[in-house]
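Residues per chain are reported as follows:
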Amino acid sequence: MSVTVRPTVITGNWKMYKTISEAVSFIEGLIPFASKTHAEVGLAVPFTILPSAAKAAQNSLIKVGAQNLNAEKEGAFTGEISGRMLTDAGASFVIVGHSERRRLFHETDAMINKKLKGALHAGLRTIVCIGETLEEHQQGKVQTVLQKQIEQSFEGITEEQLKNVILAYEPVWAIGTNQTATPEIAQKAHRFCREVMARKWGEIPAEKVVIQYGGSVKADNAASLLEQADVDGLLVGGASLSLDSFSKIIRL
Ligand code: 13P
């Protein structure tokens, strides 16, 4: 039996934080750490920062990406940004389906599916976020929710396209709450997601998908999460804003 070795991918999600100059000095400080880790390091930055961040990271191993996009290529959509614009601005990846976008901006799985297709079409590696709310967790609905989110947001995605996708399990109750999922909870959810993907695309393609965990990841809990067999990376919010804590996390 062959064992798939998946890369470790650690991504900081800066949300609506940092100015251009703050971002550039952060990236300059992170470069030496990124060159010493075996993990692939990415930063999902605000749109306004993309070109400067991409320039600051250009001779390093740090990948720069965005946190959202519009699914369409172009058009009369005031205030929106397309995948093509993101690659043009220096992004190599994008996040779709973050729970803050689902909850605060009413994004549905159908919308996330369109965004995923638009992102892949533009050549962006795409991180698709899924995860249950506290209420769903307490009601024992974790697997039902994850299965529905995977089936609907990945509708029509081919095995070939899957190669450019990262799945991020971010339980909503763990985001920004300091209530990190235990390594066992994360592993169980990740294993389940992989099984759902295996039913859809087959075991071998599913084994190759990088699954990140996100939700109150800190320097002191990152290692125990990454030790789990199906936890292949981390999506880090608050702790990615400080160079001290993020560089500790990527060094693990
Ligand atoms: P925190 O790490 O701040 O909980 O945020 C997680 C997150 O939303 C990453 O996308």
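Since the structure is predicted, the reported quantities are computational estimates derived from the model, not experimental observations. Every residue gets a number counted from 1 within its own chain, in the order that chain's sequence is written. Two thresholds apply to this predicted model, a pLDDT of at least 70 for residue-level local features and 80 or more for giving and counting side-chain atom pairs, whereas whole-chain, interface and lining totals are computed over all residues. Just so you know, side-chain values use all the structure's heavy atoms and leave hydrogens and water out.

What to know about the layout of surface pockets
Reasoning step 1: In this structure, the largest pocket encloses a volume near 460 Å³.
Reasoning step 2: Lining residues are defined by having an atom within 4 Å of a point belonging to a cavity or pocket. Those points lie on a 1 Å grid over the protein atoms alone, cavities being sets where a 1.4 Å probe fits but cannot get out and pockets being open sets with protein on both sides within 12 Å along at least five of seven lines. In terms of lining residues, the largest pocket is bounded by 14 residues, among which K15, M16, Q67, R101 and F105 are the most central.
Reasoning step 3: Looking at the lining of the largest pocket residue by residue, the classes come out as 7 nonpolar, 4 polar and 3 charged. Grid points are joined across faces, edges and corners, and a volume is the space filled by probe spheres set on the points. By the convention adopted, Pro, Cys, Tyr, Trp, Phe, Met, Ile, Leu, Val and Ala count as nonpolar, Lys, Arg, Asp and Glu as charged, and the other residues, Gly among them, as polar.

Considerations on the side chain of H98
Reasoning step 1: Working definition: helices are DSSP H or I runs of at least four residues, strands are E runs of at least two. Numbering for both runs from the N terminus. Relative to the elements of secondary structure, H98 occurs in the loop between β4 (93–96) and α4 (99–104).
Reasoning step 2: In this structure H98 comes out as buried when scored by relative accessible area, which is 4%.
Reasoning step 3: Here H98 is in contact with N13, K15, C129, E170 and I175, once residues within four sequence places are set aside. Only protein chains enter the accessibility calculation, which uses a 1.4 Å probe; a residue is then buried when its area is under 20% of its type maximum, exposed when over 50%, and partly exposed in between. The contact rule is simple, with two residues in contact once any of their heavy atoms fall within 4.5 Å.

Overview of the nonpolar core
Reasoning step 1: We define a nonpolar core as any set of buried Ala, Val, Leu, Ile, Met, Phe, Trp, Tyr and Cys residues linked to one another through side-chain atoms lying within 4.5 Å. I10, L43, F154, L167, Y213, L234 and F246 are the most contacted members of the largest nonpolar core, which has 65 residues in total.
Reasoning step 2: Sorting elements by how many residues they give to this core places helix α9 (residues 183–201) first, with 7 residues.
Reasoning step 3: Apart from the residues lying within four places of it in its own chain, the contact partners of L167 are V128, I130, I150, F154, C193, M197, V209, V210, I211 and Q212.

Description of the site of the ligand
Reasoning step 1: Around the ligand sit 13 residues, and of these K15, H98, G176, S216 and G238 come closest.
Reasoning step 2: Here a polar contact means two N or O atoms within 3.5 Å. Within protein one must be a hydrogen donor candidate and the other an acceptor candidate, and residues neighboring in sequence count only if both atoms are side-chain atoms. For the ligand, an oxygen atom lies 2.8 Å from a polar atom in the backbone of S216.
Reasoning step 3: Here an oxygen atom of the ligand and a backbone polar atom of G238 are 2.8 Å apart.
Reasoning step 4: Bound to the protein, the ligand loses 96% of the 310 Å² it would expose on its own.
Reasoning step 5: When the residues that make up the shell around the ligand are grouped by side-chain class, the tally is 4 nonpolar, 7 polar and 2 charged. The near set for a molecule or strand comprises every residue that places at least one heavy atom within 4 Å of it. Accessibility throughout is a Shrake-Rupley quantity obtained with a 1.4 Å probe, and a residue counts as covered only by protein chains that appear here.

A closer look at the packing of helix α1 (residues 20–34) against helix α12 (residues 243–250)
Reasoning step 1: It is at 10 Å that the axes of α1 and α12 come closest, and there the two elements cross at 20°. Judged by the angle between their axes, α1 and α12 are roughly parallel. Here α1 runs over α12; the crossing is right-handed. Counted together, F26, G29, L30, F33 and A34 of α1 and L243, F246, S247 and I250 of α12 form the full contact between these two elements.
Reasoning step 2: Per-class residue counts for the contact of α1 with α12 are 7 nonpolar, 2 polar and no charged. In this analysis an axis means a line fitted to C-alpha atoms, helices contributing only their contacting stretch, and an angle means the value between N-to-C directions, from 0 to 180 degrees. Oblique is the label for any angle not covered by the other classes, which are roughly parallel (under 35 degrees), roughly antiparallel (over 145) and roughly perpendicular (65 to 115). Crossing handedness: left-handed means the near helix sits turned counterclockwise from the far one by under a right angle, and right-handed means the same turn made clockwise.

Points about the sheet that holds β4
Reasoning step 1: Here, any two strands with at least 2 DSSP bridges between them count as paired. Pairing is parallel in the closed barrel, where 8 strands are placed in the order β1-β2-β3-β4-β5-β6-β7-β8. Pairwise comparison of adjacent strand axes, ignoring direction, gives a mean angle of 25° for this sheet.
Reasoning step 2: Relative to strand β5 (residues 125–130), β4 is paired through 4 bridges, and the arrangement is parallel. Following the sheet pairing, V94 is matched in β5 by T126.

A few points about the pairing of strand β1 (residues 9–13)
Reasoning step 1: By the criterion of burial, β1 is predominantly enclosed, with 5 of the 5 residues buried.
Reasoning step 2: Of the two faces of β1, both are covered, the one formed by V9, T11 and N13 as well as the one formed by I10 and G12.
Reasoning step 3: Looking at chain direction, β1 and strand β2 (residues 40–44) are connected through 5 bridges and run parallel. Residue pairing across strands places G12 opposite L43, the latter belonging to β2.
Reasoning step 4: The handedness of a crossover follows from its direction of travel: if, with the strands pointing away from the viewer, the path from the first strand over the helix to the second runs clockwise, the crossover is right-handed. In this fold, β1 hands off to α1, which returns the chain to β2; that crossover is right-handed.
Reasoning step 5: Where β1 lies against strand β8 (residues 233–236), 4 bridges are found, and the strand directions are parallel. Following the sheet pairing, T11 is matched in β8 by L235.

Focus on the environment of I95
Reasoning step 1: With respect to the helices and strands, I95 occurs in strand β4.
Reasoning step 2: A C-alpha to C-alpha distance of 27 Å links I95 and G140, two positions 45 residues apart in sequence.
Reasoning step 3: Setting aside its immediate chain neighbours within four residues, I95 contacts N13, A44, A66, Q67, N68, I127, C129 and L235.

Notes on the packing of aromatic side chains
Reasoning step 1: Two rings from Phe, Tyr or Trp (for Trp, the six-membered ring) form a pair when their centres sit within 6.5 Å of each other. Planes less than 30 degrees apart are called stacked, planes more than 60 degrees apart edge-to-face, and all others tilted. Within the structure shown, the criterion is met by 4 aromatic pairs.
Reasoning step 2: For the pair F26 and F246, a centre-to-centre distance of 6.4 Å together with 35° between the ring planes defines the contact as tilted. In this pair, F26 is assigned in helix α1 and F246 in helix α12, connecting sequence segments 220 residues apart.
Reasoning step 3: Judged by its relative accessible area of 0%, F246 is buried.
Reasoning step 4: Ring geometry for Y169 and Y213: centres 6.3 Å apart, planes at 55°, overall tilted.

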